[in-house]
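# Structural characterization, general
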Amino acid sequence: MTSPDMPKDGDFASYLEGKVSRSAEVPDAAMSVGVNVSAPATASRQTIEQILVEGQEPTEEFLEEWIAGQDEPDLSDEELERQALEAPGDDGDPSTPE
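All values derive from a computational prediction rather than experimental measurement. (Residues numbered from 1 in each chain as written. Predicted model: local features only at pLDDT ≥ 70, side-chain atom pairs only at ≥ 80, totals over all residues. Heavy atoms only, no water.)

### What about the confidence of the model for the protein chain?
- Scored by pLDDT, the protein chain comes out at a mean of 74, with 62% of its residues at no less than 70.
- Considering each helix and strand of the protein chain separately, the mean pLDDT is smallest for helix α1 (residues 12–32), with a value of 61, and largest for helix α3 (residues 60–70), with 92.
- Confidence drops under a pLDDT of 50 for residues 28–37, and excluding neighbours within four residues, the segment shows four contacts in the predicted structure. (pLDDT = per-residue confidence, 0-100. Helix = DSSP H or I, 4+ residues; strand = E, 2+ residues; numbered from the N terminus. Contact = heavy atoms within 4.5 Å.)

### Here's the deal with the pattern of salt bridges
- Inspection of the entire model under this criterion finds three salt bridges.
- Where Glu65 meets Arg45, a salt bridge forms, and the shortest distance between an N and an O atom there is 3.6 Å. In this pair, Glu65 is assigned in helix α3 and Arg45 in the loop between α1 and α2 (48–52), connecting sequence segments 20 residues apart.
- Look at Arg45 and you get exposed, because its relative accessible area is 55%.
- Between Arg82 and Glu86 there is a salt bridge, with the nearest N and O atoms lying 2.6 Å from each other. One end of the pair is Arg82 and the other is Glu86, both in helix α4 (residues 77–86) and four residues apart, which spans about a single turn.
- The exposure class of Arg82 is partly exposed, given its relative accessible area of 37%.
- Three or more residues are tied together by salt bridges with common partners; here these are Glu79, Arg82 and Glu86. (Salt bridge = Lys/Arg side-chain N within 4 Å of Asp/Glu carboxyl O. Buried < 20%, exposed > 50% of the residue type's maximum accessible area, 1.4 Å probe, protein only.)

### Comments concerning the packing of aromatic side chains
- All chains considered together, the criterion is met by one aromatic pair.
- Aromatic side chains Phe62 and Trp66 sit 6.1 Å apart centroid to centroid with 20° between the ring planes, which places their arrangement in the stacked category. Of the two residues, Phe62 and Trp66 are both situated in helix α3; the distance of four residues between them amounts to about one turn of the helix.
- Phe62 sits in the buried class, given a relative accessible area of 14%.
- Judged by its relative accessible area of 46%, Trp66 falls in the partly exposed class. (Phe/Tyr/Trp six-rings, centres within 6.5 Å; stacked < 30°, edge-to-face > 60°.)

Have a look at this one:
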């Protein structure tokens, strides 16, 4: 089953435009009810999507993790296949790995 946010026919540009337009709507709605949008809603880790799509500045924690990840060796095809077979995906069915 695919996500309703999934771009049709690999149209990644329209996917990003949709994400940007939805993220642009949130601050206006939050401002109307008096929510402070400059403060993070949760203390969760920042994602690459938040930086690239939403235009957030990367935090020091994110940059440290990113730099540390650059030194890790690339995964072999066998390791990627093993991880894919272990991941049941959104449907929870291990016979159809994502």
